[in-house]
Amino acid sequence: MSPVEATTDAVADAVLRCAAGDHQAVAILYDLTAAKVYGLALRVLRNPAHAEEVTQEIYVEAWQHSGAFRPGRGSGLAWLLTIAHRRAVDRVRSAQAASRRDTVYGLEALATAPVDPADQAIDTLAADRVRGAMRRLTDLQRQALELAYFEGRTHSEVAAELDVPLGTVKTRIRDGLTRLRSVLGGD
């Protein structure tokens, strides 16, 4: 009998002894398989602390459900590693769902946060000032600034959109910003 077969038989024997209520069998099962179970959990979770927690949960689950092990359907190690993989994947899915919930909750909290009328008035006044200053630009400057800053386009994209050289776009944007700064009272 090879060492692998002996280990496989020992794992199956330990699982069957767990099913019979032998508390010492859990320690034997752990000693025989902990490195493989932890390694699988770590590969799935990629976090040593979480892998340690899940490894503990796996042995509790193995003890509690050892009566479901059927030696004729597969090895004890395969049965245990199936539990390990399922438990680790469940932990990943749970963490992803919690992250999505936190994100949604945060967005909802922002959406439902009361608006301070004073802040809203200041924002409105500032927006009116910027609109007024934008009207004082040339059409070419305003067009380049709107594409770059309000639509988030790169200078190259603005140049392609306006069908002008890149240097011309950069000059229009620079001149437009200088004019805005002057109109709005900046340095």
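Given the structure is predicted, the values throughout are model-derived calculations rather than measurements.

**Quick word on the overall build of the protein**
Working step 1: For the protein, the helix and strand inventory stands at eight helices and zero strands.
Working step 2: For the protein, the succession of helices and strands along the chain, N to C, is α-α-α-α-α-α-α-α.
Working step 3: Taken over C-alpha atoms, the radius of gyration comes to 33 Å for the protein, far larger than the 16 Å a tight globule of 187 residues would show.
Working step 4: Dimensions along the principal axes, computed over C-alpha positions, put the protein at roughly 90 × 45 × 30 Å.
Working step 5: Of all 187 residues assigned to the protein, the portion counted as buried reaches 25%.
Working step 6: Partitioning the contacts of the protein with sequence separation of at least 6, the portion at a separation of at least 24 is 54%.
Working step 7: If you sum the accessible surface of the protein, you get close to 12300 Å²; carbon and sulfur atoms cover 55% of it.
Working step 8: When the 23 basic and 24 acidic side-chain charges of the protein are each reduced to a single mean position, those positions are 4 Å apart.

**A word on helix H8 (residues 166-184)**
Working step 1: Its 19 residues give H8 an end-to-end C-alpha distance of 27 Å, which sits within 8% of 27 Å, the value for a rise of 1.5 Å per residue.
Working step 2: Looking at the buried positions of H8, the neighbouring elements they touch are helix H5 (117-135), helix H6 (139-150) and helix H7 (155-162).
Working step 3: Gly185 sits one or two residues past H8 and shows a positive phi near 90 degrees.

**Some details on the environment of Glu146**
Working step 1: Tracing the backbone shows Glu146 in helix H6.
Working step 2: Its relative accessible area of 33% is what places Glu146 among the partly exposed residues.
Working step 3: In this structure the C-alpha to C-alpha distance between Glu146 and Ile173, which are 27 residues apart in sequence, comes to 9.4 Å.
Working step 4: When residues no more than four places from it in sequence are discounted, the contact partners of Glu146 are Met134 and Glu151.

**A closer look at unusual backbone geometry**
Working step 1: Its identity as a non-glycine residue notwithstanding, Arg46 has a phi of 60 degrees, on the positive side.
Working step 2: Its location among the elements puts Arg46 in the loop between helix H2 (23-45) and helix H3 (48-64).
Working step 3: A positive phi angle, near 60 degrees, is found at Asp163, a position not held by glycine.
Working step 4: Positionally, Asp163 belongs in the loop between H7 and H8.

**Section: the packing of aromatic side chains**
Working step 1: Across all of its chains, the model carries two aromatic pairs by this definition.
Working step 2: Ring plane angle 65 degrees and centroid distance 5.0 Å describe the contact between Tyr30 and Tyr59, whose orientation is recorded as edge-to-face. Separated by 29 residues along the polypeptide, Tyr30 in helix H2 and Tyr59 in helix H3 bring together distant segments of the chain.
Working step 3: Overall, the relative accessible area of 7% leaves Tyr59 in the buried class.

**A look at the packing of H6 against H7**
Working step 1: With their axes 9 Å apart at the nearest point, H6 and H7 run at an angle of 135 degrees to one another. When the axis of H6 is compared with that of H7, the two are oblique. In the packing of H6 onto H7, the handedness of the crossing is right-handed. Contacts from Gln143, Ala144, Leu147 and Ala148 in H6 reach Val158, Glu161 and Leu162 in H7.

Basis of the calculations
- Residues numbered from 1 in each chain as written.
- Predicted model: local features only at pLDDT ≥ 70, side-chain atom pairs only at ≥ 80, totals over all residues.
- Heavy atoms only, no water.
- Helix = DSSP H or I, 4+ residues; strand = E, 2+ residues; numbered from the N terminus.
- Rg over C-alpha atoms; globule rule 2.2 N^0.38 Å.
- Buried < 20%, exposed > 50% of the residue type's maximum accessible area, 1.4 Å probe, protein only.
- Contact = heavy atoms within 4.5 Å.
- Areas by Shrake-Rupley, 256 points an atom, 1.4 Å probe, with all protein chains shown as cover.
- Lys, Arg positive; Asp, Glu negative; His and termini not counted.
- Charge placed at Lys NZ, Arg CZ, Asp CG, Glu CD.
- Expected span 1.5 Å × (residues − 1).
- Phe/Tyr/Trp six-rings, centres within 6.5 Å; stacked < 30°, edge-to-face > 60°.
- Axes fitted to C-alpha atoms, helices over the stretch in contact; angles between N-to-C directions.
- Parallel < 35°, antiparallel > 145°, perpendicular 65-115°, else oblique.
- Left-handed = near helix turned anticlockwise from the far one by under 90°.

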